[in-house]
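Listed below, chain by chain, are the residues.
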Amino acid sequence: MSVLSVVGAETRKRSSYVLQLAALFWGVMREIAWPSTWRRTLRATFRTTLTQTVGGSLGTIAVTALIVGLGLVFEAIYWLRTAGQQEQIGRILVVVLFREITPLLVGIILLGRAGTAAIAELGMLTADGEIAILRAEGVDIFDYMVLPRAVAFALGSFTLGVMFVLVALISGFVTGSFAGVVNTSVFGFLDNVLRAMTVGDMMIFPAKLLLIGLVVALSCCVTGLGAQEADTPSSLLPRGFTRGVTGILTVSLVLSATL
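Everything in this summary refers to the structure shown in the same document. (Residues numbered from 1 in each chain as written. Predicted model: local features only at pLDDT ≥ 70, side-chain atom pairs only at ≥ 80, totals over all residues. Heavy atoms only, no water.)

Some thoughts on the side chain of Arg99
We count it as follows: Labels follow the DSSP assignment, with helices taken as runs of H or I lasting at least four residues and strands as runs of E lasting at least two, numbered in each case from the N terminus. Contact definition: two residues touch when any of their heavy atoms are within 4.5 Å.
By the element assignment, Arg99 lies in helix H3 (residues 89-127). Arg99 has contacts with Val94, Gly200, Asp201, Ile204, Lys208, Ser256 and Leu259, leaving out every residue within four places of it along the chain.

Quick word on a nonpolar patch on the surface
Spelled out, the test is: Patch definition: residues above 30% relative accessible area lacking any salt bridge, with like charges linked at up to 9 Å and the nonpolar side chains Val, Leu, Ile, Met, Phe, Trp and Tyr linked at up to 5 Å. Exposure was quantified through the Shrake-Rupley algorithm and a 1.4 Å probe, taking into account, for residues, occlusion by the shown protein chains and nothing else. Should a side-chain nitrogen of Lys or Arg be within 4 Å of a carboxyl oxygen of Asp or Glu, the pair is scored as a salt bridge. The buried label applies to any residue whose accessible area, calculated with a 1.4 Å probe on protein chains only, is under 20% of its type's maximum; exposed applies above 50%, and partly exposed to all values in between.
On the surface, a nonpolar cluster with roughly 680 Å² of combined accessible area is contributed by Leu155, Phe158, Val162, Leu166, Ile170, Val174, Phe178 and Leu210. Per-element accounting of the nonpolar patch gives the leading share, 7 residues, to helix H5 (residues 141-179). You can see Val174 is positioned in helix H5. Judged by its relative accessible area of 35%, Val174 falls in the partly exposed class.

Details of the packing of H3 against helix H7 (residues 199-225)
Think of two packed helices as two axes; the pair is described by the angle between the axes and how far apart they sit. Rules: Each axis is a line fitted through C-alpha atoms, and for a helix only the stretch in contact is used; angles between axes span 0 to 180 degrees, taken between their N-to-C directions. Our angle categories are set so that under 35 degrees counts as roughly parallel, over 145 as roughly antiparallel, 65 to 115 as roughly perpendicular, and the remainder as oblique. By definition, any crossing whose near helix is turned counterclockwise from its far helix by less than a right angle is left-handed, and any crossing with a clockwise turn is right-handed. Any residue that is not Ala, Val, Leu, Ile, Met, Phe, Trp, Tyr, Cys, Pro, Asp, Glu, Lys or Arg is counted as polar, Gly included; the first ten are nonpolar and the last four charged.
Two numbers describe how H3 lies on H7: the axes approach to 8 Å, and their chain directions differ by 20 degrees. Looking at the two axes, H3 sits roughly parallel to H7. Remark: the crossing between H3 and H7 carries right-handed chirality. Grouping the amino acids of the contact of H3 with H7 by side-chain chemistry returns 17 nonpolar, 9 polar and 5 charged.

Brief notes about H5
Going by this rule: Each residue after the first adds 1.5 Å to the expected span of a helix. A residue's bend is the angle separating two fitted axes: one through the seven residues that end there, the other through the seven that start there. Side-chain atoms alone can form a polar contact between residues adjacent in sequence; in general such a contact is a pair of N or O atoms within 3.5 Å, and within protein one must be able to donate a hydrogen while the other accepts it.
The end-to-end C-alpha distance of H5 is 55 Å, a good match for the 57 Å that 39 residues give at a rise of 1.5 Å each. When the local axis directions of H5 are compared, the greatest deviation, roughly 30 degrees, occurs at Leu147, which is followed within four positions by the proline Pro148. Two or three places before Phe142, at the opening of H5, Asp140 has a side-chain oxygen 3.0 Å from that residue's backbone nitrogen. In the stretch just after H5, Gly180 is the one whose phi turns positive, near 80 degrees.

Things to note about the pattern of salt bridges
This model, assessed by the stated rule, comprises 6 salt bridges. A salt bridge links Arg149 to Glu121; the shortest N-O distance between them is 3.1 Å. Separated by 28 residues along the polypeptide, Arg149 in helix H5 and Glu121 in helix H3 bring together distant segments of the chain. Measuring nitrogen to oxygen at the nearest pair gives 2.7 Å for the salt bridge that ties Asp191 to Arg195. Of the two residues, Asp191 and Arg195 both sit in helix H6 (residues 186-195), 4 residues apart, roughly one turn of that helix. One salt-bridge network, in which partners are shared between bridges, spans Arg91, Arg99 and Asp201.

Examining the packing of aromatic side chains
Basically, it comes down to this: What counts as a ring pair is set by centres within 6.5 Å for rings of Phe, Tyr and Trp (its six-membered ring), and what kind of pair is set by the plane angle: stacked under 30 degrees, edge-to-face over 60, tilted for all other angles.
What the rule picks out here adds up to 5 aromatic pairs. Look at Trp38 and Phe46: their rings are 5.9 Å apart centre to centre, the planes differ by 70 degrees, and that puts the pair in the edge-to-face class. Like Trp38, the residue Phe46 is buried in the burial classification. Consider the rings of Phe74 and Tyr78, whose centres lie 6.0 Å apart with planes at 35 degrees: the pair is tilted. Residue Phe74 and its partner Tyr78 are located together in helix H2 (residues 40-82), separated by 4 residues, close to a single helical turn. Relative accessible area serves as the criterion here: at 32%, Tyr78 is assigned to the partly exposed category. One aromatic cluster is present, formed by Phe74, Tyr78 and Trp79 through successive ring pairs.

Details of the nonpolar core
Side chains that are nonpolar tend, in soluble globular proteins, to be buried together. Filter applied, for reference: Definition of nonpolar core: a set of buried residues of the types Ala, Val, Leu, Ile, Met, Phe, Trp, Tyr and Cys, connected through side-chain atoms within 4.5 Å.
Ranked by internal contacts, the top residues of the largest apolar core, which has 70 residues, are Val73, Leu93, Leu97, Phe98, Leu169, Phe189 and Leu218. Those elements that provide at least two residues to this core are helix H1 (2-31), H2, H3, H5, H6, H7 and helix H8 (233-258). Counting residues per element, this core draws most heavily on H5, which supplies 16 residues. In this view, Phe98 contacts Leu93, Pro103, Val165, Leu169, Val193, Met197 and Phe205; residues no more than four positions away in its chain are not counted.

Listed below in structure tokens is the structure:
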């Protein structure tokens, strides 16, 4: 029995993070649609978190998108036009930029900017015993701490993803115009890209962004709320970042293989 107890304890320890993540995911999906859930305190936390999430990451998103526009969009336009395959420009950009690059980079930026702040905040509240005090006072930690952050991260991820794509496409188009490899207007260029999107592309782009934002938020909440008294930001942040990146890659791979 002692052997079984050791094996069982280790199994529970290894699987506890995944089980907690799944439980929080189900809780968010169950509670998000009920109007009675969104009391004034939750709405205030949601607005604050959404503002911090989008505003804190916007500069990094713009700079990264500008680099991607110069290094990916312009290069695709230049080399495909040089090879006489300009009709494939829209499709290549949809597959590479919309489906793969944007969700991954937005998720990592969101994790690094807003996710680490959430881990540090929740971790210190838990380690200092303030979360236990709130529970003793009858406060629902899931509703007060997890749900508004999860929804704000998901919507923030989608907003940042749309901005990322627009900045990348426009910067690549402007560079191509100066280089003389683009002979259409910016609206014509954007129209060609949008026409290259299929129904699957229109589903996978928002689905990836929303799910990646949600997984980032939930992984950060699990890490922060699972902190022990001996934990410090230096021990929590690497753990949370590793979990977040793993979640981002998992969501991206699963949806890419499915849709």
